[in-house]
Amino acid sequence: MLDNVQQKTIKPIILACVAEGTRFYTDEYDIYARLPAWGYEHHSVCHSRGEYARDEDGDGFHEVHVNTIEGVWSCCCAPGCALTAGSLRNTSRCT
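Values in this document were obtained by computation on a predicted structure and should not be read as measured data. Each chain carries its own residue numbering, running from 1 in the direction its sequence is written. Local features in this predicted model are restricted to residues of pLDDT 70 or higher, and side-chain atom pairs are both shown and tallied only at a pLDDT of 80 or more, whereas totals for entire chains, interfaces and linings draw on every residue. To obtain the side-chain values, all non-hydrogen atoms of the structure were used and water was disregarded.

This part covers the pairing of strand E1 (residues 23–26). Burial here depends on accessible area, computed with a 1.4 Å probe over protein chains only, as a share of the maximum for the residue type. Under 20% is buried, over 50% is exposed, and the range in between is partly exposed. Only runs of H or I of at least four residues qualify as helices and only runs of E of at least two qualify as strands under DSSP, and these elements are numbered from the N terminus. Where burial is concerned, the two faces of E1 differ: the one with Phe 24 and Thr 26 is buried and the one with Arg 23 and Tyr 25 is not. Only when DSSP finds a minimum of two bridges between them are two strands counted as paired. The pairing of E1 with strand E2 (residues 41–44) spans four bridges and is parallel. Opposite Thr 26, over in E2, you have Ser 44 as the bridge partner.

Moving on, we come to the nonpolar core. In globular proteins that are soluble, nonpolar side chains generally tend to be buried together. Of all hydrophobic cores here, the largest spans seven residues; its members are Ile 10, Ile 14, Phe 24, Ile 31, Leu 35, Trp 38 and Tyr 40. Whether two residues are in contact is decided by their heavy atoms: any pair within 4.5 Å suffices. Among all residues touching Leu 35, those that are not within four sequence positions of it are Ile 14, Phe 24, Tyr 40 and His 42. Residues grouped as a nonpolar core are buried Ala, Val, Leu, Ile, Met, Phe, Trp, Tyr and Cys residues, joined through side-chain atoms within 4.5 Å.

With that settled, consider the pattern of salt bridges. Throughout this description, the term salt bridge denotes a Lys or Arg side-chain nitrogen within 4 Å of a carboxyl oxygen of Asp or Glu. In total, this model carries one salt bridge according to the counting rule given. A salt bridge links Arg 23 to Glu 41; the nearest nitrogen and oxygen atoms lie 3.1 Å apart. Residue Arg 23 is found in strand E1, and its partner Glu 41 is found in strand E2; the two are separated by 18 residues along the sequence. Take Arg 23: its relative accessible area is 46%, and that puts it in the partly exposed class.

Further remarks concern the side chain of Gln 7. By secondary structure assignment, the location of Gln 7 is in helix H1 (residues 7–17). If we skip the residues at most four places from it in the chain, Gln 7 touches Asp 30, Ile 31, Ala 33, Arg 34 and Trp 38.

Here we take up the packing of aromatic side chains. Centres within 6.5 Å are what make two rings of Phe, Tyr or Trp a pair, Trp counting through its six-membered ring; a difference in plane orientation under 30 degrees is then read as stacked, over 60 as edge-to-face, and the rest as tilted. Under the criterion given, the structure shown has two aromatic pairs. Centroid distance Phe 24 to Tyr 40: 5.4 Å. Interplanar angle 85 degrees. Geometry classified as edge-to-face. Of this pair, Phe 24 sits in strand E1 while Tyr 40 sits in the loop between E1 and E2, and the two are 16 residues apart along the sequence. Considered together, Phe 24 and Tyr 40 belong to a single accessibility category, that of buried residues. Centroid distance Tyr 29 to Tyr 32: 6.2 Å. Interplanar angle 80 degrees. Geometry classified as edge-to-face.

Among the structural elements, Thr 26 can be located in strand E1. For Thr 26, a relative accessible area of 5% translates into the label buried. Identification of polar contacts relies on pairs of N or O atoms within 3.5 Å, with a donor-acceptor requirement for protein atoms, meaning one able to donate a hydrogen and the other able to accept it, and with residues adjacent in sequence counted only if both atoms are side-chain atoms. Among the polar contacts made by the side chain of Thr 26, one reaches the side chain of His 42 at a distance of 2.6 Å. For Thr 26, the contacting residues outside a window of four places in its chain are Tyr 32, His 42, His 43, Ser 44, Val 45 and Val 66.

Dropping the structure here:
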C-alpha cells in the first residue's frame with residue numbers, strides 16, 4: 001500500500017506492472033482520471049451519487065463495479081489479515 005496516493009505516485013507502478021490496454025474498474029476517486037491518457041481502458045462508478053454497479057451495455061449484467069476488490073480490501077483491513085503492506089503471505093486466514 002502507498003503512503004502517498006497521487007497520480008504521480010501510482011503512474012510509475014501502473015506503467016511497470018499493468019499491460020497497456022488493460023481495463024480498470026474503479027470508484028470516482030480522481031487519481032484514476034488519467035488512466036485513458038496512460039493507455040488504459042477505464043470504467044468507474046460514482047459512490048457519492050449512490051452508484052455501486054452499472055449495466056453499460058443493457059444486457060442486464062452490471063459489468064461496472066468494484067465489489068470484488070472492496071471485498072479483498074476488507075480482508076486486508078481485518079485484524080491479523082495475511083495481506084499487509086503489499087505483501088502476500090498465507091491467504092487461508094482471509095477466507
